[in-house]
Amino acid sequence: VWTISRYVENGRTLRQLKEDLQPGQRSPQHPEITQLFHDALVLLRKIHDAGFEHRDYHAGNLLVTTDDDGSHNLQLVDLETVMQRSATTARRARDLRRFLENFVEPEDYQEVIDRGLELYAPDEPALRASILGTRRMQGLLKKRGERWDG
């Protein structure tokens, strides 16, 4: 199996950009990071709805490029982890959790998780509730925004 992608010049990962624009803050604060947080969750939903899962969807695997007009674009990298199969609730929760872990802090972990679920499934409270009820998302809530060592 081969993964072929185009070369992207002058890109930074979303993690790098977040650290540059809002040092020491994990939750989306800066307007550009807030917009990219939104865009990344919309992209993840599109990936899942198209019948794929990434299995390693996080801020370090999203490359941010800047257009001539200053707008940002997200490019998904680390494609060898992508699988074509139905995105079950558990698989959706895994990808969401991995992404949200980059953004939750003890002070606002619940708000960030709720905002992420709302962006991912805006008109589907049953889907949000089922994802939130998974073991993976409950584990993220129990962390209360603290980083795990190990």
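Refer to the structure printed above.
These lines cover the structure that appears in this document, whether it is placed above or below. (Residues numbered from 1 in each chain as written. Predicted model: local features only at pLDDT ≥ 70, side-chain atom pairs only at ≥ 80, totals over all residues. Heavy atoms only, no water.)

**Quick word on the overall build of the protein**
What the protein contains, in helices and strands, is 6 helices and 5 strands. Scaling as 2.2 N^0.38, a compact globule of 150 residues should have a C-alpha radius of gyration of about 15 Å, and the protein matches this with 15 Å. Along the first, second and third principal axes, the C-alpha atoms of the protein reach 40 × 40 × 35 Å. Once local pairs closer than 6 in sequence are excluded, the contacts in the protein between residues at least 24 apart make up 70%. When the accessible surface of the protein is totalled, it reaches about 8500 Å², and 48% of it is carbon and sulfur. (Helix = DSSP H or I, 4+ residues; strand = E, 2+ residues; numbered from the N terminus. Rg over C-alpha atoms; globule rule 2.2 N^0.38 Å. Contact = heavy atoms within 4.5 Å. Areas by Shrake-Rupley, 256 points an atom, 1.4 Å probe, with all protein chains shown as cover.)

**A short note on the environment of Leu-100**
Mapped onto the secondary structure, Leu-100 falls in helix α3 (residues 89–100). Sequence separation between Leu-100 and Ala-59 is 41 residues, and the spatial gap between their C-alpha atoms is 8.8 Å. Each residue touching Leu-100, except ones within four places of it in the same chain, is listed here: Phe-37, Val-112, Ile-113, Gly-116, Met-137 and Leu-140.

**Notes on the side chain of Asn-61**
Positionally, Asn-61 belongs in the loop between β2 (52–53) and β3 (62–66). A polar atom in the side chain of Asn-61 sits 2.8 Å from the backbone oxygen of Asp-56. (Polar contact = N/O pair within 3.5 Å; in protein donor to acceptor, adjacent residues only side chain to side chain.)

**Thoughts on the packing of helix α4 (residues 109–120) against helix α6 (residues 135–143)**
Here α4 crosses α6 at 150°, and the two axes come no closer than 9 Å. It follows from the interaxial angle that α4 and α6 lie roughly antiparallel. Crossing of α4 against α6: the hand is right-handed. Contacts between α4 and α6 involve Tyr-109, Gln-110 and Ile-113 on the former and, on the latter, Met-137, Leu-140 and Leu-141. A per-class count over the contact of α4 with α6 returns 5 nonpolar, 1 polar and no charged. (Axes fitted to C-alpha atoms, helices over the stretch in contact; angles between N-to-C directions. Parallel < 35°, antiparallel > 145°, perpendicular 65-115°, else oblique. Left-handed = near helix turned anticlockwise from the far one by under 90°. Nonpolar A, V, L, I, M, F, W, Y, C, P; charged D, E, K, R; others polar.)

**Here's the deal with the pattern of salt bridges**
In the structure shown here, the tally under the stated rule is 12 salt bridges. Arg-45 is the partner of Glu-124 in a salt bridge, and the nearest nitrogen-oxygen pair spans 2.6 Å. Highlighted residues: Glu-124 in the loop between α4 and α5 (125–132) and Arg-45 in helix α2 (residues 31–49), separated in sequence by 79 residues. For Glu-124, a relative accessible area of 32% puts it in the partly exposed group. For Arg-45, a relative accessible area of 13% gives the class buried. Across the salt bridge formed by Arg-92 and Asp-49, the nearest N and O atoms sit 3.4 Å from each other. Taken together, the positions of Arg-92 in helix α3 and Asp-49 in helix α2 put the pair 43 residues apart, joining distant regions of the chain. Residue Asp-49 is classed as partly exposed on the basis of its relative accessible area of 47%. Salt bridges linked by common partners bring Glu-53, Arg-85, Arg-91, Arg-94 and Asp-95 together as one network. (Salt bridge = Lys/Arg side-chain N within 4 Å of Asp/Glu carboxyl O. Buried < 20%, exposed > 50% of the residue type's maximum accessible area, 1.4 Å probe, protein only.)

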